[in-house]
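Observations on the three-dimensional arrangement
What follows is each chain in one-letter form.
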Amino acid sequence: MKFFIPLSFICICISCSPGAKFNKDKKQFDAAVVVKSFKAVADMNDSYFDIRENNFFEFYRQLFDSVKNTRFPGKYTLKGDTMLLHFYNSKGKELLGSKALVLDEKKEIVFFK
């Protein structure tokens, strides 16, 4: 019985972690087609933000057009014309913020806290 409480606590923590939540949605995420894509070019690390079907999105970086070296997927909800971003990993929110506005006429996306 001594091991039951810590083991159950660990199971709860793992099931509530961002990785576990993404693993649950990963199949749907992978099947969702990219609807819009935005790119910011830097000297060494280019940043991308893809809007996918079924309210999924992904922010990632690539070093010299190689494989993705950082990746922050999530889901969004629309409130008017503003996307409310819900990252699976809170580091994504620290980098971009929790809201985005797509400016279709300029083909831009603006992020804010």
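Given the structure is predicted, the values throughout are model-derived calculations rather than measurements.

1. Re the sheet that holds strand S2 (residues 45–52)
- Strand order in the open sheet formed by seven strands is S1-S2-S3-S4-S5-S6-S7, with antiparallel pairing between adjacent strands. Lying at the two open borders of the sheet, with one neighbouring strand each, are strand S1 (34–40) and strand S7 (108–112). Pairwise comparison of adjacent strand axes, ignoring direction, gives a mean angle of 30 degrees for this sheet.
- Two elements, strand S6 (residues 99–103) and S7, share five bridges in a ladder whose sense is antiparallel.

2. Describing the confidence of the model for the protein chain
- Per-residue confidence for the protein chain gives a mean pLDDT of 83, with 81% of residues at or over 70.
- Here helix H1 (residues 4–15) stands out as the element of the protein chain with the lowest mean pLDDT, 45, in contrast to strand S5 (residues 82–87), whose mean of 96 is the highest.
- Low pLDDT, under 50, characterises residues 7–18; the stretch is placed with five contacts to residues that sit more than four places away or in other chains.

3. Let's talk about the environment of Lys 79
- As for its placement among the helices and strands, Lys 79 is situated in strand S4 (residues 68–79).
- Separated by 20 residues in the primary sequence, Lys 79 and Lys 99 have C-alpha atoms spaced 9.9 Å apart.

4. Looking at the nonpolar core
- Within the largest apolar cluster, 13 residues are counted, with the highest numbers of intra-cluster contacts made by Phe 49, Met 83, Leu 85 and Phe 87.
- Those elements that provide at least two residues to this core are S2, strand S3 (56–63), S4 and S5.
- Sort the elements by how many residues they give to this core and S5 lands first, with three residues.
- The contact partners of Met 83, leaving out residues within four places of it in the chain, are Phe 49, Ile 51, Tyr 76, Thr 77, Leu 78, Ser 98, Lys 99, Ala 100 and Val 102.
- Phe 22, Ala 32, Phe 56 and Tyr 88 belong to the second largest nonpolar core, which has five residues in total.

5. Observations regarding the pairing of S2
- Burial within S2 is extensive, with seven of its eight residues counted as buried.
- Alignment of S1 against S2, held across six bridges, turns out to be antiparallel. By the bridge assignment, Ala 40 is partnered in S2 with Ser 47.
- Once S1 ends, the chain turns through four residues before running back antiparallel as S2.
- As judged from the seven bridges shared by S2 and S3, these two strands associate in the antiparallel manner. Following the sheet pairing, Ile 51 is matched in S3 by Phe 57.
- Connecting the antiparallel pair S2 and S3 is a turn made up of three residues, with Asn 54 showing a positive phi of about 60 degrees.

6. Considerations on unusual backbone geometry
- In this structure, Asn 54 takes a positive phi of about 60 degrees despite not being glycine.
- You can see Asn 54 is positioned in the loop between S2 and S3.
- Among the residues examined, Asn 54 registers a relative accessible area of 54% and is labelled exposed.
- Residue Lys 107 is not a glycine yet carries a positive backbone phi of 55 degrees.
- With respect to the helices, strands and loops of the structure, Lys 107 is situated in the loop between S6 and S7.

Scoring rules and cut-offs
Residues numbered from 1 in each chain as written. Predicted model: local features only at pLDDT ≥ 70, side-chain atom pairs only at ≥ 80, totals over all residues. Heavy atoms only, no water. Pairing = 2+ DSSP bridges. Helix = DSSP H or I, 4+ residues; strand = E, 2+ residues; numbered from the N terminus. Axes fitted to C-alpha atoms, helices over the stretch in contact; angles between N-to-C directions. pLDDT = per-residue confidence, 0-100. Contact = heavy atoms within 4.5 Å. Core = buried A, V, L, I, M, F, W, Y, C linked by side-chain atoms within 4.5 Å. Buried < 20%, exposed > 50% of the residue type's maximum accessible area, 1.4 Å probe, protein only.

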